[in-house]
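# Observations on the model geometry
Spelled out, the chains give:
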Amino acid sequence: MATTFYHIPDMQADDNPLLSKVCQLCGELYQQGQRVFVATNDVKTAEQLDELMWKLPSEQFIPHNLQGEGPHYGAPIEIGHQPPQTRRQVLINLCHPLPQFAVKFTQIIDFIPNEPEQKQQARERFHHYRQLNLAPQMATE
């Protein structure tokens, strides 16, 4: 199982670089034919990400849906705050602590924000991945 961490720069006044990076990764994974579940801590974050994806230019459209909406087996990208109900290869984790269902995925993507509290939480998740023998790596981009 591959576990990759991405470093996220400081947040700007009207920008959320974490959610922007999630959108970018979802687009890349969709182009690769991957089915992705984006796990959030709450409904608000799931809805923010959903809105951000709908605001992308039409040529960058990413087929997605909020958990419990959309077609029976879901769009290629599903966003939710509960354990996923359908099988997917990739987990993009925005949760702390690491959700128990994370071990069911073949690839996990996580993030290290610059804010001190969130950075400490990322360190805790990194340690948890190691305890699970998931060999977390830092992204090279």
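Our subject is the structure that appears above.
Owing to the predicted nature of the structure, the values given are computational and were not obtained by experimental measurement.

### Side note on the pairing of strand β6 (residues 107-112)
- Burial runs high along β6: five of the six residues are buried.
- In this structure, strand β1 (residues 2-7) lies alongside β6, joined through six bridges in parallel fashion. Paired with A2 across the strands is Q107, a residue of β6.
- In this structure, strand β5 (residues 90-93) lies alongside β6, joined through three bridges in parallel fashion. Directly across from V90, in β6, lies its bridge partner Q107.

### Looking at helix α1 (residues 17-31)
- The end-to-end C-alpha distance of α1 is 21 Å, a good match for the 21 Å that 15 residues give at a rise of 1.5 Å each.
- Those residues of α1 that fall on the buried side of the exposure criterion are P17, L19, K21, V22, C23, L25, C26, G27 and L29.
- The inward-facing, buried residues of α1 abut β1, β2 (36-39), α2 (43-54), β4 (77-80), β5 and β6.
- Among the residues of α1, the N-terminal cap falls to N16, whose side-chain oxygen and the backbone nitrogen of L18 are separated by 3.1 Å.
- Looking one or two places after α1, you find G33, whose phi comes out positive at around 80°.

### Re the nonpolar core
- With 22 residues, the main nonpolar core has V38, I92 and F111 as its most contacted residues.
- Among the elements of the structure, α1, β2, α2, β4, β5 and β6 are those that each provide at least two residues to this core.
- Ranked by residues supplied to this core, first place goes to α1 with six residues.
- Residue contacts for F111: discarding those within four places in its chain leaves F5, Y6, I8, L18, K21, V22, L25, I92, N93, L94, A122 and R125.
- F37, A39, A122 and L134 belong to the second-largest nonpolar core, a separate cluster that totals 14 residues.

Conventions and cut-offs
Residues numbered from 1 in each chain as written. Predicted model: local features only at pLDDT ≥ 70, side-chain atom pairs only at ≥ 80, totals over all residues. Heavy atoms only, no water. Buried < 20%, exposed > 50% of the residue type's maximum accessible area, 1.4 Å probe, protein only. Helix = DSSP H or I, 4+ residues; strand = E, 2+ residues; numbered from the N terminus. Pairing = 2+ DSSP bridges. Expected span 1.5 Å × (residues − 1). Contact = heavy atoms within 4.5 Å. Polar contact = N/O pair within 3.5 Å; in protein donor to acceptor, adjacent residues only side chain to side chain. Core = buried A, V, L, I, M, F, W, Y, C linked by side-chain atoms within 4.5 Å.

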